[in-house]
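Residue strings, one per chain:
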Amino acid sequence: MNYDEIKLTAEKEMKEAVESFESRIATIKAGRATEAVLDGITFDYFGTPTPINQAATVSIPEARLLVIKPWDKNNIAPIEKAIIKADIGINPQNDGEVIRLPFPTLTEERRKEYTKEVNKYGEDAKISIRNKRRDAMDEVKKSEKSGDITEDDRFSLEEELQNITDKYIKEVEVLAEKKNKELLSV
């Protein structure tokens, strides 16, 4: 691999680790309604697993209420079953027209549990980023031995890789801090 390929590959993989972390913490409920709780929940629509937001209008009329209005009323029961099966901690209420998901207020204890979960996910993301750096550094050493890059290039690239790593670790820390602040605000 050459100088640029190593750097671009490492940066792409680190960015993916941050995006993965961001999508993981988006599903953690902060006591407010969010469409993110439906991410990954599918229901059987004519034999095809279909995401809820592709067969219904999802809205948030109040801070603690999510409303799902299926375009086809025959989908109400399958969507409700999928939400119950996903075990997101919210009981759906079906009135025959729409499904309501009332978000309960979080207790102080539950908020602290969620912040621990966010911190754990953050640490996992940082470990993943550091592993990407290690893999890239190994690639740099191989490239130097094979003559693709010079010793000076190796030192420059190692420094750049460290700077990229620091940037993405800082991004994870900022995201975790923001989510924890959201969780702890009443």
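Residues numbered from 1 in each chain as written. Predicted model: local features only at pLDDT ≥ 70, side-chain atom pairs only at ≥ 80, totals over all residues. Heavy atoms only, no water.

Draft legend 1. Representation of the overall build of the chain within the structure. Helix and strand content of the chain: four helices and six strands. Reading the chain from its N end, one meets helices and strands in the order α-β-β-β-β-α-β-β-α-α. Out of the 186 residues in the chain, the part that is buried amounts to 38%. In the chain, once contacts between residues fewer than 6 apart in sequence are set aside, the share between residues at least 24 apart is 64%. The centroid of the 31 positive side-chain charges in the chain is displaced by 6 Å from the centroid of its 38 negative side-chain charges. (Helix = DSSP H or I, 4+ residues; strand = E, 2+ residues; numbered from the N terminus. Buried < 20%, exposed > 50% of the residue type's maximum accessible area, 1.4 Å probe, protein only. Contact = heavy atoms within 4.5 Å. Lys, Arg positive; Asp, Glu negative; His and termini not counted. Charge placed at Lys NZ, Arg CZ, Asp CG, Glu CD.)

Draft legend 2. Quick peek at the domain arrangement of the chain. Looking at the chain, the domain boundaries give domain 1 (3–29 + 107–184) and domain 2 (35–102). Domain 1 and domain 2 are separated by 34 Å when their C-alpha centres are compared. (Domains from an automatic or database assignment.)

Draft legend 3. Layout of unusual backbone geometry. The backbone of Phe 46 sits at a positive phi, close to 55°, despite the residue not being glycine. Taking the relative accessible area as the measure of exposure, Phe 46 reaches 71% and is therefore exposed.

Draft legend 4. Looking closely at the packing of aromatic side chains. In this structure the tally under the stated criterion is two aromatic pairs. Ring centres of Tyr 45 and Phe 46 lie 4.8 Å apart, and the angle between their planes is 65°; this geometry places the pair in the edge-to-face category. Look at Tyr 45 and you get partly exposed, because its relative accessible area is 29%. An aromatic cluster is present here, built from Phe 43, Tyr 45 and Phe 46 joined pairwise through their rings. (Phe/Tyr/Trp six-rings, centres within 6.5 Å; stacked < 30°, edge-to-face > 60°.)

Draft legend 5. Broad picture of the environment of Lys 73. Its place among the elements puts Lys 73 in the loop between β4 (65–70) and α2 (76–86). Separated by 91 residues in sequence, Lys 73 and Ile 164 place their C-alpha atoms 50 Å apart. Contact partners of Lys 73, with chain neighbours within four places excluded, come to Gly 96 and Glu 97.

Draft legend 6. Inspection of the packing of helix α1 (residues 3–26) against helix α4 (residues 151–184) at higher detail. Packing of α1 against α4 leaves a shortest axis separation of 10 Å and a crossing angle of 10°. The angle between α1 and α4 falls in the class roughly parallel. Considering only residue class, the contact of α1 with α4 consists of 15 nonpolar, two polar and nine charged. (Axes fitted to C-alpha atoms, helices over the stretch in contact; angles between N-to-C directions. Parallel < 35°, antiparallel > 145°, perpendicular 65-115°, else oblique. Nonpolar A, V, L, I, M, F, W, Y, C, P; charged D, E, K, R; others polar.)

Draft legend 7. Expanded view of the pattern of salt bridges. Applying the stated criterion across every chain, the model contains 15 salt bridges. Here Arg 24 and Asp 124 are joined by a salt bridge, their closest N and O atoms 3.9 Å apart. With Arg 24 in helix α1 and Asp 124 in helix α3 (residues 108–146), this pair connects stretches of sequence that are 100 residues apart. By relative accessible area, which is 36% here, Arg 24 ends up partly exposed. (Salt bridge = Lys/Arg side-chain N within 4 Å of Asp/Glu carboxyl O.)

Draft legend 8. Quick look at the environment of Tyr 114. Mapping Tyr 114 onto the fold places it in helix α3. Look at Tyr 114 and you get buried, because its relative accessible area is 6%. The spatial distance from the C-alpha of Tyr 114 to the C-alpha of Ile 25 is 9.4 Å, given a sequence separation of 89 residues.

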